[in-house]
Amino acid sequence: MKKLWRNRPILIALLAAALFLVLAALTVGRRSASRAEDMFSGAVLPVQEAVSDITDRVTDFFTRVFFPSSIQQENQRLTKLVSAYERRLILYEAMEQENARLAELLDYASANSNFYFMTAPVSARNLDPYVDTITVRGGSRSGITEQMAAVTAQGIVGRIIEVGATYSKIRTMQNEDMRISVMVERTREEGMLGGLVIENGQLVGMKLYYLPKDADIQVGDTIVTSGLGGIFPKGLYVGKVIFLTDEDNGEYDACVTSDVDFEHLEEVLIILGKEG
Amino acid sequence: MALKKHAALILSFVAALFLDTAVLPKWNLFSMVPFVMLACMLAAEQVFSIQTAILIGALGGLMEDLLCENMIGLTPALCLLAAVAYEKLPKDGDTKPIILGLYCGALAFMVELLRALAAWVIGMRFAFWTEMLYGALPRALLTGLWALAGMALFKPLLKRQVDAA
């Protein structure tokens, strides 16, 4: 055999080639690997993968060195794409929030179906730290007139003090001069809400006064509009009592805080009228 | 001892195996991927002997097929046919390297042609002339260049073996 290998290598090569061709013909179109293939591939593949990984890194390196412009262009393209997606995401989030707010207003309007409402987006607010007026889109052309009430699902916002053709200004509950006739929902005792309670430079709530001397009022009582004065319809939620003052104080009887987030208002409901 | 004597050859064999199956397919420069195992085999045949070439062609081709091909045995068969053909080509000690390189390139082209034929036989359809002109020919020429590089690498090894003898 050794002699044959030395003297007749061509014959051996041709025989081996023929055998390999037969093997190739037998293995055409196979779907599953043989046991020998499995063993060989299992042994070599980890090394092959490592080599492949190194190749990728080397390729990346040379691409960066020799084709920096292509990387730069790709980077710019991807940056633009990310910016576009970010803008779209912000838009979606804003729409989602708006949807939630409008759904809340709709619930409120449905619960008070005896009133005609109009939704007015807030277009501006003054820069006063104790925000006292806001401007909304919608004016006389939309049927808004002065002294109409503005509300949200969280309570009363204020009343219309100025009306243009396409805009209106609302004096909010946080204005020092605002006065509203209210009553304690539990006891139906009436009083007046107006003026701000400020402690250490922070707005705490609104003053409630003119309650009867023997009024039964407690912390946590709900305050609603009484309907007197003709601006705010009766029974609208205003806020809750957060503390009572001393009897001798005399200035006001209790402090009421509103649930409305005046600094982040985005839409309000204007009460255009009442059914009937 | 024999392992140490043929260390460069074995390393070249392993390098060719991984270049063909893992490295070069990723650097696909206009489909011009040389057949390094074939180049290694032909270089070994030129510098050492046809027996060495047969061993490299059979083992290397089979391993590459086991790793990548679905026709196990085609590559070693083609390599062995190329080894036999190279043996029959007219050449002696004075033959210029460029001629040897062209021989290797021509044999590499023959291998590509036979591979295309095998693909056609098993039912694959492709643009033959386009594949030959833009794929097989550049690949064959590059394989010839690799074979020349292999010869330059193996010659000092052979010289050391002769000196030692």
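Not measured: the values here are computed from a predicted model.

Chemist: Would you mind showing me how to read the interface of chain B and chain A here?
Modeler: Many analyses report the size of an interface as the accessible area lost when the parts associate. Counting residues at the interface gives 25 residues for chain B, matched by 25 residues for chain A. It is helix 5 (residues 74-88) of chain B that provides the largest number of residues to the side of chain B that touches chain A, a total of eight residues. Here the side of chain B that touches chain A is built from residues that sort into 19 nonpolar, four polar and two charged.

Chemist: I would appreciate a short explanation of the packing of helix 5 of chain B against helix 6 (residues 97-121) of chain B in the present structure.
Modeler: Residue and element names in this part refer to chain B. In the contact formed by helix 5 and helix 6, the axes pass within 10 Å of each other and the chain directions differ by 145°. Classified by chirality, the crossing of helix 6 by helix 5 is right-handed. Facing helix 5, whose interface residues are L74, L78, A82, A85 and Y86, helix 6 presents Y103, L107, M110, V111, L114, R115 and A118. Along the lines of polarity and charge, the residues of the contact of helix 5 with helix 6 split into 11 nonpolar, no polar and one charged.

Chemist: Teacher, can you tell me more about unusual backbone geometry here?
Modeler: With glycine set apart, most residues show a phi of negative sign, and most peptide bonds adopt trans. Residues and elements named next belong to chain A. Even without being glycine, Q147 reaches a positive phi, approximately 75°. One can find Q147 in the loop between strand 2 (133-137) and strand 3 (149-152). Positioned with a positive phi, R188 is a non-glycine residue whose angle comes to about 65°. Structurally, R188 can be placed in the loop between strand 6 (179-184) and strand 7 (190-199).

Chemist: What is the right way to read the sheet that holds strand 6 of chain A from this model?
Modeler: Strands belonging to one sheet form pairs held by backbone hydrogen bonds; the direction of such a pair is parallel or antiparallel. Residues and elements named next belong to chain A. In spatial order, the strands read 6-7-8-11-10-9; together these six strands close into a barrel with antiparallel pairing. Pairs of neighbouring strands in the sheet enclose a mean axial angle of 45°, with direction left out of account. Here four bridges tie strand 10 (residues 237-244) to strand 11 (residues 254-257), and the two strands are oriented antiparallel to one another. When the bridges of strand 11 are listed, K240 appears paired with T257.

Chemist: Even after reading the chapter, I still don't get the nonpolar core, so can you show me in this structure?
Modeler: Nonpolar side chains in soluble globular proteins tend to end up buried together. Counting residues in hydrophobic clusters, the biggest one holds 57 residues, and the most contacted among them are L42, L80 and A83 of chain B. Put simply, the parts of the chain that give this core at least two residues each are helix 2 (9-27) of chain A together with helix 2 (7-23), helix 3 (36-47), helix 4 (50-68), helix 5, helix 6 and helix 7 (128-164) of chain B. The residues touching L42 of chain B, leaving out its near neighbours within four places in the chain, are A53, A82, Y86, C104, L107 and A147 of chain B. Counting 37 residues, the second largest nonpolar core, distinct from the first, contains M148, F232, V241 and I270 of chain A.

The rules behind the values
- Residues numbered from 1 in each chain as written.
- Chains lettered and ligands numbered in written order.
- Predicted model: local features only at pLDDT ≥ 70, side-chain atom pairs only at ≥ 80, totals over all residues.
- Contact = placed C-beta atoms within 7 Å.
- Helix = DSSP H or I, 4+ residues; strand = E, 2+ residues; numbered from the N terminus.
- Nonpolar A, V, L, I, M, F, W, Y, C, P; charged D, E, K, R; others polar.
- Axes fitted to C-alpha atoms, helices over the stretch in contact; angles between N-to-C directions.
- Left-handed = near helix turned anticlockwise from the far one by under 90°.
- Pairing = 2+ DSSP bridges.
- Core = buried A, V, L, I, M, F, W, Y, C linked by C-beta atoms within 7 Å.
- Buried ≥ 20, exposed ≤ 12 C-beta atoms within 10 Å, placed from the backbone.

In short, the description is geometric, and any link to function would need to be established separately.
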